[in-house]
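Take a look at the letters that make up each chain.
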Amino acid sequence: MSLKKLISNKTMAALAVIFTAFASTNAFAQEAAAAATAKPVDMGPIYKSTLFYVLLFLLLCLFIAIVGKAMKVYELTRESEGKSEGINWDLVNGVIFVVFLLVGLYGVYWEYTVHGNMILPEAASEHGKKIDEMFNITLILTTIVFIATHIVLFTFAYIYRHQKDKKAYYYPHNNVLERVWTVIPAFVLTILVLMGFITWRSIFYKIEDPKNKPLSIEVTSSQFQWDVRYPGADGIVGLKNYKLITSINNLGIDFNDKNNLDDQVADEIVLPVNKPVRFILTSKDVIHSFYMPHFRVQLNTVPGMTSYFEFTPTITTAEMKAKTNDPNFNYLLLCAKICGTNHYNMQKPVRVVSQKEYEEWVVKQATYLTNDLRKTFKLPLLADPAEKPAAADSTAKDTTAKTNQLALKK
């Protein structure tokens with residue numbers, strides 16, 4: 001038997017394949033045993049790297065390209081052999097559209113059930129309820145339209161896919177349909193815009209109740225902090241001027257305005273429940289965003305411009321802790337603008353308490369006007385608290401008493 005015949009013999013070829021497979025199996029078994037005895041490698045950091053996911057994406061693209069090329073070779077082979085088309089790609093594309101529809105509808109359901117409760121926390125202000133109602137109505141309407149249009153879109157893509165025995169129906173124009181899909185969206189959008197306009201006016205254009213005047217609080221933003229100023233006993237926050245900002249007068253308070261003399265500063269924001277609060281918002285450097293999600297409050301603070309936002313908190317911090325079953329719950333003031341490298345640090349705790357608790361807290365807060373500022377602006381200095389007289393020496397009293405008793409005996 002010649003060498004050529006020996007090599008081409010099917011039996012020998014089968015034995016060669018078996019031998020190769022056996023050798024490969026032994027090699028893999030040895031490698032697995034060696035890996036089992038070796039120290040395990042921590043692969044955690046690899047899965048956290050960006051490069052890993054980039055390579056994974058490229059590998060997926062390569063796999064799809066290989067499969068595509070293989071299918072193309074298959075089609076060309078059938079075509080060269082004079083055979084009919086092997087795969088009905090029109091049908092495949094139609095089925096893919098149906099699969100995408102089903103997966104997409106499940107995705108909508110999953111988003112509503114999983115992320116639905118993460119959209120916004122419970123509203124803790126009067127106007128917050130109105131905003132939530134408007135948001136929910138808009139979300140429901142747009143969801144209905146989204147689902148209906150996509151069911152029609154993907155279903156039509158399947159039903160009216162290309163088929164050799166079907167001819168497309170020429171349907172260029174329909175006045176009734178155009179009126180319907182123009183008038184209905186215009187009507188719905190008009191209602192939504194009017195709702196938004198009315199809600200916006202109810203928030204920013206309030207009629208002040210003389211019996212329940214809002215508490216004014218000034219908040220000044222800067223990189224990267226919030227400075228809070230309360231009005232003091234007179235209930236009026238005094239004027240300030242950026243030209244007066246110095247290292248010692250960091251807010252630029254104008255002490256020619258007598259309303260500034262009793263203004264107080266605080267490290268937190270404390271609000272009385274069911275009491276209107278009017279925030280006076282300014283910025284020292286760049287645009288920040290005054291954002292308190294639980295109260296549905298968000299307004300930009302702009303350098304050189306004063307903004308105002310008034311609302312009424314309705315749920316105390318203690319009540320919200322009970323509702324959320326979270327003893328560590330706190331309302332927060334955040335910045336919703338990416339204002340610099342330490343933007344994430346712009347947080348200020350906010351507490352909502354009863355009127356009595358607020359009054360007890362506010363009297364303990366220090367005034368902005370210190371003796372150092374009084375010296376700088378040539379204002380009368382406050383006297384230091386008088387030192388308490390030293391306690392009399394009880395030992396001396398006892399000695400005196402004993403001396404007097406001896407004198408009486410004599």
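In every chain, residue numbers begin from 1 and rise along the written sequence. In keeping with the predicted nature of the model, local features appear solely for residues at pLDDT of at least 70, side-chain atom pairs appear and are counted solely at 80 or more, and the whole-chain, interface and lining totals rest on all residues. The basis for every side-chain value is the complete set of non-hydrogen atoms in the structure, without hydrogens or water.

A. Main features of the pattern of salt bridges. Salt-bridge detection follows one rule: a side-chain nitrogen of Lys or Arg within 4 Å of a carboxyl oxygen of Asp or Glu. With the rule as written, the count across this model stands at six salt bridges. A salt bridge links D132 to R296, with the nearest nitrogen and oxygen atoms 2.8 Å apart. Here R296 lies in the loop between β6 (288–292) and β7 (297–301) and D132 lies in helix α6 (residues 126–159), a separation of 164 residues in the sequence. Comparing D132 with R296 shows no difference in burial state: the two are buried. Linked through salt bridges whose partners overlap, the residues forming this network are E218, R229, K240 and D263. Every helix listed is a DSSP run of H or I at least four residues long, and every strand listed is a run of E at least two residues long, numbered separately from the N terminus. Burial classification: accessible surface area is computed with a 1.4 Å probe over protein chains only, and a residue below 20% of its type maximum counts as buried, one above 50% as exposed, and the rest as partly exposed.

B. How the structure looks around the confidence of the model for the chain. The quantity called pLDDT is the predictor's confidence in a given residue, expressed from 0 to 100. Averaged over all residues, the pLDDT of the chain equals 82, while 81% of them reach at least 70. The least confident element of the chain, judged by mean pLDDT, is helix α11 (residues 394–409) at 39; the most confident is strand β4 (residues 269–272) at 96. Long-range and interchain partners of residues 1–8, a stretch whose pLDDT sits below 50, account for two contacts in this model, where long-range means more than four residues apart. In this model, residues 387–410 is a region of pLDDT below 50 whose contacts with residues beyond four sequence positions or in other chains number one contact. Any two residues whose heavy atoms approach within 4.5 Å at even a single point are treated as in contact.

C. Looking closely at the packing of helix α5 (residues 89–115) against α6. A fitted line through C-alpha atoms represents every axis, and for helices the fit uses only the stretch in contact; the resulting angles, taken between N-to-C directions, go from 0 to 180 degrees. Running from amino to carboxyl end, α5 crosses α6 at an angle of 165°, the nearest separation of the two axes being 8 Å. As far as their axial angle goes, α6 and α5 are roughly antiparallel. Note on packing geometry: the crossing formed by α5 with α6 is left-handed. Where α5 approaches α6, its residues L91, G94, V95, F97, V98, F100, L101, L105, V108 and Y112 are matched on the opposing element by L139, T143, F146, I147, H150, I151, F154, T155, A157 and Y158. Here is the rule for angles: anything less than 35 degrees is roughly parallel, anything more than 145 is roughly antiparallel, 65 through 115 is roughly perpendicular, and the remaining ranges are oblique. Should the near helix be turned anticlockwise from the far one by less than a right angle, the crossing is termed left-handed; should it be turned clockwise, right-handed.

D. Layout of helix α4 (residues 50–80). Given the number of residues in a helix, its expected span is that number minus one, multiplied by 1.5 Å. Its 31 residues give α4 an end-to-end C-alpha distance of 45 Å, which sits within 8% of 45 Å, the value for a rise of 1.5 Å per residue. Looking one or two residues beyond α4, the residue adopting positive phi is G82, at roughly 75°.

E. Seen up close, the pairing of strand β2 (residues 225–230). With respect to burial, β2 is a largely interior element, five of its six residues being buried. When DSSP finds at least two bridges between two strands, those strands are taken to pair. Two strands pair when backbone bridges link them, and strand β1 (residues 215–222) and β2 are joined in this way by five bridges, in the antiparallel orientation. Bridge pairing links V219 to V228 in β2. From the end of β1 to the start of β2, which pair antiparallel, there are two residues.

F. Region of the structure containing the environment of G104. Among the structural elements, G104 can be located in helix α5. Take G104: its relative accessible area is 34%, and that puts it in the partly exposed class. Measuring from C-alpha to C-alpha, the distance between G104 and I151 comes to 9.9 Å, with 47 residues separating the pair along the chain.

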